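The residues making up each chain are set out below.
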Amino acid sequence: MLSERRLEVLRAIVQDYVGTEEPVGSKALTERHKLGVSPATVRNDMAVLEEEGYIAQPHTSAGRIPTDKGYRLFVDRLAGVKPLSTPERRAIHNFLDGAVDLDDVVGRTVRLLAQLTRQVAVVQYPSLTRSTVRHVELLSLAPARLMLVLITDTGRVEQRVVDCPAPFGETSLADLRARLNSRVVGRRFADVPQLVQDLPESFEEVEDRATVSTVLATLLETLVEEHEERLMIGGTANLTRFGHDFPLMIRPVLEALEEQVVLLKLLGEAKESGMTVRIGHENAHEGLSSTSVVSVGYGSGGEAVAKLGVVGPTRMDYPGTMGAVRAVARYVGQILAES
């Protein structure tokens, strides 16, 4: 266990290195921070921190920089989440408030996160599997062809064309629309199959039953399709500002960011709605071993339906980034709840 003083020295090293981009020496630490001890004592503390793997000496300098292990201790024990200023909160609210639909919400969120943190922003679309049904619309396109429109509580809209086995009249269509919505509105997607399984038998005409079965089959296919594996990324150009933070080159990072599966794994499961910070080699993908990922769940009604977060160098302003990510997630959740 590190003493409180050594923890303070580590905190000071992380803050200075993130702020100055320069390796930190004991003399600079005692000048910048009220540590209450001599440079010689600080040097001794730094030697212990280095021995235990929390800081390291880059070969070009006499100063020290934090390691992944040092950043991890800083995030877990030393860093609070920095609250956003009132102007920042107002800017978030005003920017997101103008969104017209889900795509616009996600697009604005990506741009906003990238601007606030000056990192790469990643936003996952709300998961269908964790959504509830707001409305099912059925529209006649031709005597034996329908349009099925599924609208979720998160504002997501899925459309499918249904080819019916026989012509289906407007009266029957209105009847099916009413019966279907009375069963599924407000219900979770996972519950829908059971709620509609006996719906075809409730129609008297045999031809109508066949059409109802076809419509339901299309609806259920829509519910289980993996459309939640969609995300949006923005601010990749921000990485060019951190060229010297990537020891080899920036290309492996950019290549990893192009792989959607990698990004979804990085963000983690949506049901893990709390703040997650993965640092350096904690990221399984080799191309991202020099980056940190800060992510959190967002959703309406207190339940996470997807994740959002940022990717940047390990030399990151963790308190500020965590504050921005958390604040944006809350605003997006409010917008989804109100939409």
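Residues numbered from 1 in each chain as written. Predicted model: local features only at pLDDT ≥ 70, side-chain atom pairs only at ≥ 80, totals over all residues. Heavy atoms only, no water.

Per an unreviewed UniProt entry, the protein goes by Heat-inducible transcription repressor HrcA and derives from Streptomyces nymphaeiformis. The annotation that UniProt attaches to the protein under Sequence similarities (unreviewed entry) is "Belongs to the HrcA family." Under the UniProt heading Function (unreviewed entry), the note attached to the protein is "Negative regulator of class I heat shock genes (grpE-dnaK-dnaJ and groELS operons). Prevents heat-shock induction of these operons." (UniProt positions renumbered as here; feature names shortened; annotations may be inferred.)

**Student:** So what about helix α1 (residues 4–20)? Which residues, and what values?
**Tutor:** Taking 1.5 Å as the rise per residue, α1 with 17 residues should run 24 Å; its terminal C-alpha atoms sit 24 Å apart, in good agreement. For α1, the complete set of buried residues consists of L7, V9, L10, A12, I13, V14, D16, Y17 and V18. Residues of α1 that are buried sit in contact with α2 (26–32), α3 (39–51), β1 (55–56), β2 (65–66) and α4 (68–78). Where α1 ends, the next residue or the one after it, E21, has phi of about 65°, a positive value. (Helix = DSSP H or I, 4+ residues; strand = E, 2+ residues; numbered from the N terminus. Expected span 1.5 Å × (residues − 1). Buried < 20%, exposed > 50% of the residue type's maximum accessible area, 1.4 Å probe, protein only. Contact = heavy atoms within 4.5 Å.)

**Student:** Describe unusual backbone geometry, with residues and values.
**Tutor:** Phi angles above zero are rare outside glycine, and E21 is one such case at about 65°. As for its placement among the helices and strands, E21 is situated in the loop between α1 and α2. Look at R118: it is not a glycine, yet its phi comes out positive at around 55°. Relative to the helices and strands, R118 is located in the loop between α6 (102–117) and β3 (120–124). When its relative accessible area of 47% is taken as the criterion, R118 is described as partly exposed.

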